[in-house]
Amino acid sequence: MKIFAVVVTYNRLALLSRLIEKLSDISNITQIVIVNNGSVDGTREWLDSLVSNPRFCIINQDNVGGSGGFYTGMYAAWEMGADYIWCMDDDVFPTPDALNNLLAADLSSDVGILCPKRVMSDNKELFVTECRRIDVTNPIASLHSQSLKGEIVLEPVTIEGMVFEGPLIKRALIDAIGFPNKELFIFYDDTDYSYRAAQAGFKVLYVPDAILEKERFFASDSWKDKQLKKRWKRLYHVRNSAYFNHIYGKNLAVRYFRPFTTLLGYLFSTLILIFKRNGASFADIIALCRAYSDGIKHRLGKIV
C-alpha cells in the first residue's frame, strides 16, 4: 500500500519545515510530495537540500494557488502509483496517530475521502468548517448546510463539505472523478471536489479520532487590518461562489441570487473602508462586481 503526502506551500518556510518534520516521523508515508508555488522566502533553497532524499518529490512551479498546487501534487502522486493521497496546506500539523486513525476508518469500498478533525495549535480549540450537506436548492440557506460546528462528533460521520487540510483521498475516487479544478486558484476547490465525490456515489467521512493542529493567523489584527489583508482573497471568494452556485444550483435563485448576496456583503464592508478612508477605493467595488460576473460566466484562473 502506497501512501503519498501532498503538501502545497507558499512563502511559509518556518511552518513548512515544521510540517515536514512531523510528516517525516510517520513511517507508513511512502513519499512526501512538496509543491512550491513560487515562494520567494528561501523555500526553494531549503527544498533543494531535500532533493537527494528519495522519500521526497520536490516540484517548483509558478504560484497557481492552492487549487493548482493540489492538482499538480495529486497528479504526480497518482502517476507514481499512490493508493492514498494525504493532502494538506503548510499550516496544519498531523498528530502522530492521525494517519493510522484515518486508515482505520476506511471500512468500505465506497469511501472516497477521509477527513481529520482540526484543532488550533495554540489552545487546542476545535476548528470546524465541514458540513454534512451542500445545499444547492435553497437560495436563502447557507451553501454549507448542517455544519458540524457545535456538534459533539465521537464517531466517523458522512459529510459533503470538506477542506484541503488533511483529507486522505483514495485512488479509486481519483480514477472516477479526476483531480481538483485547478482554475479556481483558491476557495471552493475543496467544496467542489468533495461535492463531486458525493455526486459520484462516494462517501466523504469526517474522522474525529484523526487530529491535525492548525496554525492561527490574524488573531491580534483589528477589523480594518483583517479586511485589507484579505481584500485580494475576496475576489476569489466572490467569483468562485458565483461559479459553484451557477454550475451546480438547481434553480435560478441559487444560481444567481445566492452568490449575489455574497457580493453584497463584501461591497458593504468595502464601502465602510472607503468612507472611513481606510485604504479601499471604488476600484475595489468594480473588481468585486467583475469577479461576480466572471464566476457566472465561468471565467476562472488567476485574477490579475
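Check the entry above for the structure.
Residues numbered from 1 in each chain as written. Predicted model: local features only at pLDDT ≥ 70, side-chain atom pairs only at ≥ 80, totals over all residues. Heavy atoms only, no water.

### Structural notes on the overall build of the protein
Just so we agree on the cut-off: Only runs of H or I of at least four residues qualify as helices and only runs of E of at least two qualify as strands under DSSP, and these elements are numbered from the N terminus. Radius of gyration: C-alpha atoms only; globule rule: 2.2 Å multiplied by the number of residues to the exponent 0.38. Note on exposure labels: buried denotes an accessible area under 20% of the residue type's maximum, exposed denotes more than 50%, and partly exposed covers the range between, all computed with a 1.4 Å probe on protein chains only. The contact criterion used throughout is that any non-hydrogen atoms of two residues lie within 4.5 Å. Counting rule applied: Lys, Arg positive; Asp, Glu negative; His and chain ends not counted. In this description, the location of a charge corresponds to atom NZ of lysine, CZ of arginine, CG of aspartate or CD of glutamate.
A tally of helices and strands in the protein yields 10 helices and 12 strands. For 304 residues, the compact-globule estimate of 2.2 N^0.38 gives 19 Å, and the C-alpha radius of gyration of the protein, at 19 Å, lies within 12% of that figure. Counting only C-alpha atoms and orienting by the principal axes, one finds that the protein spans roughly 55 × 45 × 35 Å. For the protein, with 304 residues in total, the buried portion stands at 52%. Across the protein, contacts joining residues at least 24 apart in sequence account for 77% of those joining residues at least 6 apart. Averaged over its 36 positive side-chain charges, the protein has a centre that lies 8 Å from the centre of its 34 negative ones.

### Regarding the nonpolar core
Worth spelling out the cut-off: Here, nonpolar core refers to any group of buried Ala, Val, Leu, Ile, Met, Phe, Trp, Tyr and Cys residues whose side-chain atoms link them within 4.5 Å.
Judged by nonpolar contacts, the single largest core of 33 residues is most densely connected at Met-74, Ile-113, Ile-169 and Tyr-193. For Tyr-193, the contacting residues outside a window of four places in its chain are Met-74, Ile-113, Met-162, Phe-164, Ile-169, Leu-173, Ile-174, Ile-177, Gly-178, Phe-179 and Pro-180. Within the second largest apolar cluster, 32 residues are counted, among which are Ala-5, Ala-98, Leu-114 and Leu-212.

### Some points on the packing of helix H8 (residues 231-248) against helix H9 (residues 252-275)
Defined as follows: Axis geometry follows a simple rule: fit a line to the C-alpha atoms, using only the stretch in contact for helices, then measure angles between N-to-C directions, giving values from 0 to 180 degrees. An angle counts as roughly parallel when it lies under 35 degrees, as roughly antiparallel when it exceeds 145, as roughly perpendicular when it falls between 65 and 115, and as oblique in every other case. Working rule for handedness: look at the near helix, and if it is turned counterclockwise from the far one by less than a right angle, call the crossing left-handed; if clockwise, right-handed. Ten residue types, Ala, Val, Leu, Ile, Met, Phe, Trp, Tyr, Cys and Pro, are classed as nonpolar, four, Asp, Glu, Lys and Arg, as charged, and the remainder, Gly among them, as polar.
H9 packs onto H8 with a crossing angle of 165 degrees between their chain directions and a minimal axis gap of 7 Å. Taken together, the axes of H8 and H9 lie roughly antiparallel to each other. For the element pair H8 and H9, the recorded crossing hand is right-handed. Facing Arg-234, His-237, Val-238, Ser-241, Ala-242, Asn-245 and His-246 of H8, the residues of H9 in contact are Val-254, Arg-255, Tyr-256, Arg-258, Pro-259, Thr-262, Leu-263, Tyr-266 and Ser-269. Of the residues belonging to the contact of H8 with H9, the class tally is seven nonpolar, six polar and three charged.

### Examining the environment of Ala-280
Its place among the elements puts Ala-280 in the loop between H9 and helix H10 (282-296). Along the sequence, Ala-280 and Arg-231 sit 49 residues apart, while their C-alpha atoms lie 8.8 Å from each other. If we ignore the near neighbours within four places in the chain, the residues touching Ala-280 are Leu-228, Arg-231, Thr-270, Leu-273 and Ile-274.

### Overview of the side chain of Glu-160
Where we set the bar: Whenever Lys or Arg places a side-chain nitrogen within 4 Å of a carboxyl oxygen from Asp or Glu, that contact is recorded as a salt bridge.
By the element assignment, Glu-160 lies in the loop between strand E10 (157-159) and strand E11 (168-170). For the buried residue Glu-160, which engages in no salt bridge, the nearest side chain bearing the opposite charge is Arg-133, 5.7 Å off. Each residue touching Glu-160, except ones within four places of it in the same chain, is listed here: Cys-131, Arg-132, Arg-133, Ile-134, Ser-194, Tyr-195 and Ala-198.

### What about the packing of aromatic side chains?
Basically, it comes down to this: We call Phe, Tyr and Trp rings a pair once their centres come within 6.5 Å, taking the six-membered ring for Trp, and we label the pair stacked below 30 degrees between planes, edge-to-face above 60, and tilted otherwise. Geometrically, a charge over a ring is one whose NZ (Lys) or CZ (Arg) sits within 6 Å of the ring centre while staying within 35 degrees of the ring normal.
With the rule as written, the count across this model stands at 14 aromatic pairs. Measuring from ring centre to ring centre gives 6.2 Å for Trp-232 and Tyr-236, while their planes differ by 85 degrees; the resulting arrangement is edge-to-face. Separated by four residues within a single helix, Trp-232 and Tyr-236 lie in helix H8, roughly one turn from each other. Taken together through their ring pairs, the aromatic side chains of Tyr-71, Tyr-75, Trp-78 and Phe-179 make up a single cluster. Seen from the ring of Phe-93, Arg-18 lies directly overhead, with NZ or CZ sitting 3.8 Å from the centre.

### With respect to the pattern of salt bridges
All told, the structure shown has 17 salt bridges when counted by the stated rule. With a closest N to O distance of 3.7 Å, Lys-124 and Glu-213 form a salt bridge. Taken together, the residues span a long stretch of sequence, with Lys-124 in the loop between strand E6 (111-120) and strand E7 (126-127) and Glu-213 in strand E12 (residues 203-214) at a distance of 89 residues. With a closest N to O distance of 2.9 Å, Arg-132 and Glu-151 form a salt bridge. Of the two residues, Arg-132 sits in strand E8 (residues 131-134) while Glu-151 sits in the loop between strand E9 (144-147) and E10, which places them 19 residues apart along the sequence. Its relative accessible area of 28% is what places Arg-132 among the partly exposed residues. Beyond isolated ion pairs, a larger network of salt bridges with shared partners links Arg-12, Asp-90, Asp-91, Arg-118, Glu-130, Glu-165 and Lys-214.

Remember, this is a structural readout, not a statement about activity or role.
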